Amino acid sequence: MRMLTRKLVRDVVGQAGPLAAVAMVAASGIALYISLRSMRGFLARSQADYYRDYRFADVFVQVKRAPAAAAREAAAIPGVRVAEPRLLWEAVLDVPGLAEPAVGRFVSIPPAGEPRLNVPHVRVGRMPAPGTGREVAISEAFAEANGLGPGDSLGAVLNGRWERLHVVGVAISPEYIYEMQGTELFPDNRRFGIVWTPRALLASATGLETGFNALAVELAPGASEPDVIAALDRLLGRYGTLGAYGRSEHASHRFISDEIEQNKVGAVILPGILLGVTAFLLNVVLSRLVATQRAQIAVLKAFGFTNAEVGRHYLALALAPVAAGGAVGVPLGFQLASATAAIYARYYRFPVSEVRPDWGVAAAACLIAATAAVVGAALSVRAAVSLPPAEGMRPPAPARFEAGLLDRLGAQRLLAPSTRIVVRNTARRPLRAAAAVAGIALAFAMLVVARYAFTAVDRIKDVQFQYAQREDVSVTFREASPRRVVDALARLPGVLAVEPLRVVPVALRHGVIERRTALLALPAGSELHRVVDQDLHVHRVPSSGLLLTSKLAEVLRVAPGDSLTVAVREGDRRTVRVAVADTVGELLGANVYGDLAFVEAMTGESGAISGALLSVDPRREGALYVTLKRQPALVGVGIRSAALAGFEKTIADSFQVSLGIAVIFAVVIAFGVVYNGARVALSERARELASLRVLGFTKREVTTMVFGEQTLLTVVGMLAGAGIGYALCAWVAAVGNTELFRIPLVVTAGAYLYAAAVIAGAFGVSALAMRGRIRALDIVACLKTGE
Amino acid sequence: MATTLFHARGLTKTYHMGDVEVHALQGVDLDLVEGEVVIILGPSGSGKSTLLNILGGLDAPSGGEVNFRDHQLVGAGDAALTRYRREHVGFVFQFYNLLPSLTARENVALVTEIAPRPMPPDDALRLVGLGERLAHFPSQMSGGEQQRVAIARAIAKRPDVLLCDEPTGALDSETGVVVLQALARANRELGTTLVVITHNATIAQMGDRVLHMRNGRIASIETNAVRRDPAQLEW
Ligand SMILES: Nc1ncnc2c1ncn2[C@@H]1O[C@H](COP(=O)(O)OP(=O)(O)OP(=O)(O)O)[C@@H](O)[C@H]1O
Ligand SMILES: [Mg+2]
């Protein structure tokens, strides 16, 4: 058996190239599996721990103003364990070093001690001292984006007065893992942050010395969330509730949960592809090894080695590259997991953002890779074992070739002999050819999808920031304001045009289905905000009836012509039936639009607007910002260029990484398939190639012939990959069709060209790597002996 | 007056196997003239194949010089040697080395495509008596038939010299005779110089000259008064 081990080592060394390629692919698969699986585990675990340790509330509700007694009544609702009243307040912030105005969401902390729910975790400094000071703690993302820390100060218009707030701490909270301003679509941490302040500071601003305007509720184990929500809505109806909602409608919770869900999909598909390719490559390498070692196997068996011993020997050979792949892939996977976690940690902030190596996942990855290897090797090993010794020692008959379909059709006359060699060799091993085609196809498809993601996001960006949002600055008023505010805004420095808008909190009902949302009322012929579908067509807001995002219509099961029940959550809180005039295939959000005049009639409240869109002279925007920073009437200021920059940064960070990973793995696969195919072709047919050299074919010609086969397979693989890629893109678009956003199916020629270029590059590299081997082919040695 | 085809002087070939030096050739002088048939005999390991490979441009000598007509083979680069093989040399080996993925005709056509003045593949196959088996793959032919395809492939380019290393080594005597007849016919009808390595002294009778090799040297050269037709040979 010692000699067999020695043979194993020699075989591994002799096949170092192909086995290294297998190891490389196995390492990629293992690394990817580990990183994706740990990421999923990491995110899910962090989320669960965080929610538990810092008591993330189960139900949330905001009201206009409610007395303290209402909180006690809420706490008495069956199923409610804790109902914590608090004050929420939004105001424009003046951040040192930031030209544009920012927006702060102020969250009160109780006069005595810590909040019981949604407990902030202090990262630096401390929470503000209770009392009447001007101390605040700010959220970490906001602090980092603006370079703020304890000792710095912020300006805010809080009680109708300019206040200087002193930052004493930086904190994070389970409630704002993902911090987003109400109307924005992506986080912009420079311009939006959470500000924890003593209750006293907000009491005068809100005019609520004792009452509250928000409630966080923790449910008792086993309590029914819908029942509690219904009870809260009944209880708080007369205090101007916007409707209670559970975690499923909590923006931060939803984003991070979606992210974890997406990881689950990726954790299966990508490593699956890579491990499948590993199995394929091993099969190729081993089947050729067994073919060339017929005589050796026969001798081993003639000497009395059992089938099991011979089989084990070749299985060990299959597992060697997996072991090497594991040795590289496991640490690489952990590394990758840490890197990915670091990226996530920038968006979702967890108290612990350290990835502990999960050896269980690593073991699973190696086990799966080993299984793939054994499956890939099984056929060849069986062939090795079942070879009768006598047969093995006879030289094998020349490989069997027969006239194929092409020949019968007479097509071979059209092909040069060298081309025929390529075609016949490929056709002789249809399974291997199919597997190679599949490998290339998957690599190609991966690249198409990676590229497609960029195009799709670009489309979203175009629709949102070029076609739909055309204002430079949007402002949201604290209170509904008279329409003449528009004239006042128009007189502000740099303002070229102003359009009013009104946002009405509503609940839309159709049958038993209900959605809480905000109805956006736009003046007829609005130029600064347009409704645009995914094909860049502008939809007019109907003068009567509502315009719904198609997705929202789908969720509510309504079509144009149907009518909806609209429960208005402000003013006299009336409930009306309104017709659905039209739907629009928008990419972002689940929105509902109405004409301003129509909405005024519908709500019975006219002349009031809740915000405005401004077109601004870029040369004077600085002056405008300075003015806006001091406006107590504003709770929100949106700046389109800043939002666009935030969007691009978010996308750039997260997509660059995944695109990079996809490209690396696609290259590894393509290289592995092509290089191995050529290596195997070379060693299987060394004799044939040496003959060609003797006959006077140049090295270049012989190289071309070896790569002819690979070229054929690669081209077919790319064609198949184009189809698979498109299907995958369609699948991504289908999976991405959520109420939050839709992914447009825009697969451009550029995506295919990109994929083709990368695969061709990988092909070129493997061709270069092989060229040396073909050049070094020892003609005399190849021809000296029988097969 | 016959012209000299090969002119070799002081050929040596040394293989270094770690510390051991194997002297495969230790000073071979040789002249071959156009159109002659030369048989090389000698014990195993005496350097026959080494000499043939050097003449055919498959291998380079460690010392000495070889000229093919007025081409220097020593020191010629790979590209030049490839062109030399392509244009002037036909090889036949003990193992036929056909391309299993090509039919008989295609194996021959492979060469005629790259040779400067080839004969039609079918003619070459007829010369070796295989006019009927054009569309067969190597796996569908006997060893002798495969060897004749290899010969057809070698002569189809109308080479100046056919270098044959134990062409009948794997064949029975009857089949061997058929193969040798094919070689003799090429020599007769095309005027191709023929060099044949064999372990079979009987075959030596078909040559104009017989070279006896021993220990990397040409021990003796005998000249046959008459050249026997392979059909008259038997072993
Ligand atoms: N690649 C090589 N490396 C080392 N030694 C070699 C190599 N090729 C040949 N030799 C040695 O050179 C010597 C001559 O070999 P060659 O093949 O020319 O013999 P030969 O006369 O053709 O023998 P045979 O009749 O057995 O074919 C032998 O001793 C052989 O061992
Ligand atoms: Mg020899």
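Here the structure is a predicted model, which is why all the values come from computation and not from measurement. (Residues numbered from 1 in each chain as written. Chains lettered and ligands numbered in written order. Predicted model: local features only at pLDDT ≥ 70, side-chain atom pairs only at ≥ 80, totals over all residues. Heavy atoms only, no water.)

So, about the sheet that holds strand 1 (residues 59–66) of chain A. All names here are of chain A. With antiparallel pairing, four strands are arranged side by side in an open sheet as 2-10-1-11. Pairing within the sheet leaves two strands with one partner each, and these edge strands are strand 2 (80–86) and strand 11 (245–246). Relative to strand 11, strand 1 runs antiparallel, the two sharing two bridges. Residue pairing for strand 11: Val59 is matched across the bridge by Gly246. The strands touched by helix 3 (residues 68–75) within the sheet are strand 1, strand 2 and strand 10 (212–219), with strand 2 carrying the most contacts at an inclination of about 165°. Along the sheet, helix 6 (residues 225–236) makes contact with strand 1, strand 2, strand 10 and strand 11, crossing strand 10 at roughly 160°. (Pairing = 2+ DSSP bridges. Helix = DSSP H or I, 4+ residues; strand = E, 2+ residues; numbered from the N terminus. Contact = heavy atoms within 4.5 Å. Axes fitted to C-alpha atoms, helices over the stretch in contact; angles between N-to-C directions.)

Below, the discussion takes up the side chain of Thr192 of chain B. Residue and element names in this part refer to chain B. Residue position: Thr192 is located in the loop between helix 6 (173–190) and strand 8 (193–197). For Thr192, a relative accessible area of 2% corresponds to the buried category. For Thr192, the contacting residues outside a window of four places in its chain are Pro159, Asp160, Val161, Leu162, Ala186 and Asn187. (Buried < 20%, exposed > 50% of the residue type's maximum accessible area, 1.4 Å probe, protein only.)

Okay, the pattern of salt bridges next. Residue and element names in this part refer to chain A. Evaluated as defined, the whole model comprises 35 salt bridges over all chains. One salt bridge in this structure joins Asp53 and Arg52, with 3.2 Å as the shortest N-O distance. Residue classification places Asp53 among the partly exposed positions, given a relative accessible area of 47%. With a closest N to O distance of 2.9 Å, Asp188 and Arg191 form a salt bridge. Residue class for Asp188 comes out buried when judged on its relative accessible area of 17%. For Arg191, a relative accessible area of 14% puts it in the buried group. (Salt bridge = Lys/Arg side-chain N within 4 Å of Asp/Glu carboxyl O.)

Next up on the list: the packing of aromatic side chains. This model, assessed by the stated rule, comprises nine aromatic pairs over all chains. Pairing Phe91 of chain B with Phe93 of chain B gives two aromatic rings, centres 5.6 Å apart and planes at 5°, and the pair type is stacked. Both residues of the pair, Phe91 of chain B and Phe93 of chain B, belong to the buried class. Among the aromatic residues, those joined into a ring-pair cluster are Tyr51, Phe56, Phe60 and Tyr245 of chain A. Here the basic side chain of Arg451 of chain A rests over the ring of Phe454 of chain A, its NZ or CZ set 5.6 Å away from the ring centre. Above the plane of the ring of Trp162 of chain A lies Arg630 of chain A, whose end atom (NZ or CZ) is 3.5 Å from the centre. (Phe/Tyr/Trp six-rings, centres within 6.5 Å; stacked < 30°, edge-to-face > 60°. Lys NZ or Arg CZ within 6 Å of the ring centre and 35° of its normal.)

For the rest of this paragraph, the subject is helix 5 (residues 143–155) of chain B. Between its terminal C-alpha atoms helix 5 of chain B stretches 18 Å, which fits the 18 Å expected from 13 residues at 1.5 Å a residue. The element helix 5 of chain B is largely enclosed, with a buried count of twelve among its 13 residues. The set of residues buried in helix 5 of chain B consists of Gly144, Glu145, Gln146, Gln147, Arg148, Val149, Ala150, Ile151, Ala152, Arg153, Ala154 and Ile155 of chain B. Residues of helix 5 of chain B that are buried make contact with helix 20 (686–694) of chain A together with strand 6 (89–93), helix 3 (104–112), helix 4 (121–127), strand 7 (161–165) and helix 6 of chain B. (Expected span 1.5 Å × (residues − 1).)

Residues and elements named next belong to chain A. Summarising the model, chain A shows a mean pLDDT of 83, and 87% of its residues fall at 70 or more. Across chain A, strand 20 (residues 592–595) holds the top mean pLDDT of 95, while helix 11 (residues 389–393) sits lowest at 49. Note on residues 392–396: pLDDT is under 50 here. Beyond four places in sequence and across chains, it has eleven contacts. (pLDDT = per-residue confidence, 0-100.)

In this section: the nonpolar core. What tends to happen in soluble globular proteins is that the nonpolar side chains get buried as a cluster. Within the largest apolar cluster, 70 residues are counted, with the highest numbers of intra-cluster contacts made by Val673, Leu692, Phe697 and Ile759 of chain A together with Leu110 of chain B. For this core, the elements supplying multiple residues, two or more each, are helix 2 (16–53), helix 7 (251–292), helix 14 (430–468), helix 19 (640–684), helix 20, helix 21 (699–735) and helix 22 (749–775) of chain A together with helix 3 of chain B. Top element by residues in this core is helix 19 of chain A. It accounts for 16 residues. Setting aside residues no more than four positions away along its own chain, Leu692 of chain A makes contact with Phe697, Val702 and Met705 of chain A together with Leu99 and Leu110 of chain B. Residues Val37, Val128, Ala154 and Ile155 of chain B belong to the second largest nonpolar core, which totals 39 residues. (Core = buried A, V, L, I, M, F, W, Y, C linked by side-chain atoms within 4.5 Å.)

Attention shifts here to the site of ligand 1. Residues in close proximity to ligand 1 total 15 residues, the closest being Ser44, Gly45, Lys48, Ser49 and Thr50 of chain B. Residues lining ligand 1 come from chains A and B. Here an oxygen atom of ligand 1 sits 3.2 Å away from a polar atom, N or O, in the main chain of Ser46 of chain B. One of the backbone nitrogen or oxygen atoms of Gly47 of chain B is found 3.0 Å away from an oxygen atom of ligand 1. Relative to its free-state accessible area of 630 Å², ligand 1 is covered by the protein chains to the extent of 68%. Mapped by element, the contributors of at least two residues to the shell around ligand 1 are strand 1 (4–17), strand 2 (20–33) and helix 1 (48–55) of chain B. No other element matches the three residues that helix 1 of chain B contributes to the shell around ligand 1. By residue class, the composition of the shell around ligand 1 is five nonpolar, seven polar and three charged. (Near = heavy atom within 4 Å. Polar contact = N/O pair within 3.5 Å; in protein donor to acceptor, adjacent residues only side chain to side chain. Areas by Shrake-Rupley, 256 points an atom, 1.4 Å probe, with all protein chains shown as cover. Nonpolar A, V, L, I, M, F, W, Y, C, P; charged D, E, K, R; others polar.)

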